[in-house]
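Given next are the chains, with one letter for each unit.
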Amino acid sequence: MSVPAGRGGGPGRDPGLQPERTRLAWRRTTLSGTVAAVLAVKTVLHGGASASQIVAGALCCGLWLGFLALAHRRIRALAAGPGRVPFTPRHAAAAALCTVTLAVCGAALVL
């Protein structure tokens, strides 16, 4: 049984709006990380900050930069077209680790 063109990833595959939705999701996640990093820095700079708060704020900024680099790489790959490079499990794990650690550091600064 043959697969019709445009279905099942064959040569006539039409990705539709899926790459655009994925690109927008990466941008939204990057924006959320930016807000978390800015709030972390604001918390550190507001009032007297201890050494652990300064380290947590610096870690938030570093994690944000790491996630920003991963997101930019993925957005460029999505823009490359149908022959794009797949998102490797290593990059997916790094993005998830940056996101979760950024959230934990931000929560630690607030509490």
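Residues numbered from 1 in each chain as written. Predicted model: local features only at pLDDT ≥ 70, side-chain atom pairs only at ≥ 80, totals over all residues. Heavy atoms only, no water.

Q: Requested: an account of a nonpolar patch on the surface, with residues and values cited.
A: A surface patch of nonpolar side chains, amounting to about 280 Å² of accessible area, comprises Leu-31, Val-35 and Leu-39. Mapped onto the fold, Leu-31 is located in helix H1 (residues 18-45). (Patch = residues over 30% accessible without salt bridge, like charges linked within 9 Å, V, L, I, M, F, W, Y side chains within 5 Å. Areas by Shrake-Rupley, 256 points an atom, 1.4 Å probe, with all protein chains shown as cover. Salt bridge = Lys/Arg side-chain N within 4 Å of Asp/Glu carboxyl O. Helix = DSSP H or I, 4+ residues; strand = E, 2+ residues; numbered from the N terminus.)

Q: Please give an account of the packing of H1 against helix H3 (residues 89-110) that cites residues and values.
A: Packing of H1 against H3 leaves a shortest axis separation of 10 Å and a crossing angle of 30°. By the criterion of interaxial angle, the relationship of H1 to H3 is roughly parallel. Considering only the axes of H1 and H3, their crossing is left-handed. Along the contact surface, H1 presents Trp-26, Gly-33, Ala-36, Ala-40, Thr-43 and Val-44, while H3 presents Ala-95, Leu-102 and Leu-109. A breakdown of the residues in the contact of H1 with H3 according to their chemical character gives 7 nonpolar, 2 polar and no charged. (Axes fitted to C-alpha atoms, helices over the stretch in contact; angles between N-to-C directions. Parallel < 35°, antiparallel > 145°, perpendicular 65-115°, else oblique. Left-handed = near helix turned anticlockwise from the far one by under 90°. Contact = heavy atoms within 4.5 Å. Nonpolar A, V, L, I, M, F, W, Y, C, P; charged D, E, K, R; others polar.)

Q: Give a description of the pattern of salt bridges that names residues and reports values.
A: Across all of its chains, the model carries 1 salt bridge by this definition. Put simply, Arg-23 and Glu-20 hold a salt bridge, and the shortest N to O gap is 2.5 Å. With Arg-23 and Glu-20 both in helix H1 and 3 residues apart, this pair spans about one turn of that helix. Taking the relative accessible area as the measure of exposure, Arg-23 reaches 22% and is therefore partly exposed. Given a relative accessible area of 35%, Glu-20 falls into the partly exposed group. (Buried < 20%, exposed > 50% of the residue type's maximum accessible area, 1.4 Å probe, protein only.)

Q: Outline the nonpolar core, listing residues and values.
A: Judged by nonpolar contacts, the single largest core of 16 residues is most densely connected at Trp-26, Cys-60, Leu-63, Phe-67, Ala-95 and Leu-109. Those elements that place two or more of their residues in this core are H1, helix H2 (51-79) and H3. With 8 residues, H2 is the largest single contributor of residues to this core. When neighbours within four sequence positions are excluded, Trp-26 is seen to be in contact with Phe-67, Ala-71, Arg-74, Ile-75, Leu-78, Phe-87 and Ala-95. (Core = buried A, V, L, I, M, F, W, Y, C linked by side-chain atoms within 4.5 Å.)

Q: Give a description of the packing of aromatic side chains that names residues and reports values.
A: Under the counting rule described, the total for this entry stands at 2 aromatic pairs. Aromatic pair Trp-26 and Phe-87: ring centres 5.4 Å apart, planes at 80°, arrangement edge-to-face. Of this pair, Trp-26 sits in helix H1 while Phe-87 sits in the loop between H2 and H3, and the two are 61 residues apart along the sequence. Of the residues examined, Trp-26 reaches a relative accessible area of 13% and is grouped as buried. Among the aromatic residues, those joined into a ring-pair cluster are Trp-26, Phe-67 and Phe-87. (Phe/Tyr/Trp six-rings, centres within 6.5 Å; stacked < 30°, edge-to-face > 60°.)

Q: Could you give an account of the environment of Cys-61, naming the residues involved and the relevant values?
A: Mapped onto the elements, Cys-61 comes out in helix H2. Along the chain, Cys-61 and Val-41 lie 20 residues apart, while their C-alpha atoms are 7.9 Å from each other.

Q: Which residues make up the state of the cysteines, and what values do they have?
A: Under the counting rule described, the total for this entry stands at 0 disulfides. Cys-60 carries a free sulfur, and the closest cysteine sulfur to it, the one in Cys-105, is 4.6 Å from it. Among the residues examined, Cys-105 registers a relative accessible area of 10% and is labelled buried. (Disulfide = S-S within 2.5 Å.)

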